[in-house]
Amino acid sequence: LDTVKYDTTCPFVEKVWNRAASLGDEDYTVVIHGKANHEETRATFSHSASNGKSLIVRNLEETKFLAEAILGKVAEMEFYEFFTGRHSDGFDFKSDLIKVGVVNQTTMLASETEAIADYLKETMMKKYGAEKLNLHFADTRDTLCYATNDNQKATAGLLKTDSDLSIVVGGYNSSNTTHIVELLEEKFPVYFIASENEIISENEIEHFDIREKKNLRTKNFLPTGKEVNIALTSGASCPDSVVDRVMLKLLSYFETDKTPEEALEAAFKKE
């Protein structure tokens, strides 16, 4: 039998890999915004490190340390100790921080990646001057995943609502979905579920605790005796059909003469 091979690499991830490769070809050090132990970040690091110098930063605070190193305010040994296991082999503290470009683990907050890139851009301007910026900093904004970015913008919109609770649907190992949970927790109770099967009944739900990394069961998660406003969203990779099933199960607990389509239309008008 003939063997048929399919490439299932996410096109947004592949775009990041291609840009990282082109940065390496132009002698830029690739600064990867991501979690060093995340599968995607490890793969991106592997691709970029095979073609040039690479470095992983977790957040803006670590980027500020990197900026201090670029400006010559950090000792060489302190730099290597800080980025142990997060820089490519043969990384040269003196020569490999002259030109940088930022790419990201596509499930990270796009706004945070932009803040990291902007901070390094300002650092390069401070060190080399605005007129020489293009020789030291690569603009990589077009590598940000729009699917993840759209979800994050929608989440910001949910934070403006007066919802009683939020249901977030997605894989428990999804970095993007975890970020959405963290954002929504600032405003109201959040129940992170993988599918409609975690909604045991109108009185009980099984959900994932992102900090304890375990499933919890909560009773009386739906308010009673009043109109209930539920913010329902999902991770970028969660199929729409799964979200639909969650929505239909939640709607089944409320008496209404509206169809699901009419209920959605009414919700959008209310916004």
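Since this is a predicted model, take the numbers as computed values, not measurements.

Once that is clear, we can look at the packing of helix 3 (residues 60-70) against helix 5 (residues 110-128). Helix 5 packs onto helix 3 with a crossing angle of 15° between their chain directions and a minimal axis gap of 10 Å. Between helix 3 and helix 5, the angle is such that the two are roughly parallel. Regarding helix 3 and helix 5, the two cross each other, and that crossing is right-handed. The segment helix 3 lies against helix 5, with Leu60, Thr63, Lys64, Leu66, Ala67 and Ile70 engaging Glu112, Ala115, Ile116, Tyr119, Leu120, Thr123, Met124 and Lys127. For the contact of helix 3 with helix 5, the class distribution of residues is nine nonpolar, two polar and three charged.

Taken in spatial order, the three strands line up as 6-5-10 in an open sheet, and their pairing is parallel. Each edge of the open sheet carries a strand with a single partner, namely strand 6 (190-193) and strand 10 (230-234). With strand direction ignored, the average angle separating the axes of adjacent strands in the sheet is 20°. Note that strand 5 (residues 165-169) and strand 10 share five bridges and pair parallel. Across the sheet, Leu165 pairs through a bridge with Ile230, a residue of strand 10. Running at roughly 175° to strand 5, helix 7 (residues 175-184) makes contact with strand 5, strand 6 and strand 10 of the sheet.

A separate point is the packing of aromatic side chains. Scanning all chains against the criterion turns up 12 aromatic pairs. Measuring from centroid to centroid gives 4.9 Å for Phe82 and Phe83, while their planes differ by 75°, and the two rings are edge-to-face. For Phe83, a relative accessible area of 0% puts it in the buried group. Ring geometry for Tyr191 versus Phe221: centroids 5.7 Å apart, planes at 70°, classification edge-to-face. Placement of the pair is Tyr191 in strand 6 and Phe221 in the loop between strand 9 (214-219) and strand 10, with a sequence separation of 30 residues. No difference in accessibility class separates Tyr191 from Phe221, as the two residues are buried. One aromatic cluster is present, formed by Phe65, Phe79, Tyr80, Phe82, Phe83, Phe91 and Phe93 through successive ring pairs. Against the face of Tyr28 rests Lys99, its NZ or CZ located 4.4 Å from the ring centre.

The rules behind these values
- Residues numbered from 1 in each chain as written.
- Predicted model: local features only at pLDDT ≥ 70, side-chain atom pairs only at ≥ 80, totals over all residues.
- Heavy atoms only, no water.
- Axes fitted to C-alpha atoms, helices over the stretch in contact; angles between N-to-C directions.
- Helix = DSSP H or I, 4+ residues; strand = E, 2+ residues; numbered from the N terminus.
- Parallel < 35°, antiparallel > 145°, perpendicular 65-115°, else oblique.
- Left-handed = near helix turned anticlockwise from the far one by under 90°.
- Contact = heavy atoms within 4.5 Å.
- Nonpolar A, V, L, I, M, F, W, Y, C, P; charged D, E, K, R; others polar.
- Pairing = 2+ DSSP bridges.
- Phe/Tyr/Trp six-rings, centres within 6.5 Å; stacked < 30°, edge-to-face > 60°.
- Buried < 20%, exposed > 50% of the residue type's maximum accessible area, 1.4 Å probe, protein only.
- Lys NZ or Arg CZ within 6 Å of the ring centre and 35° of its normal.

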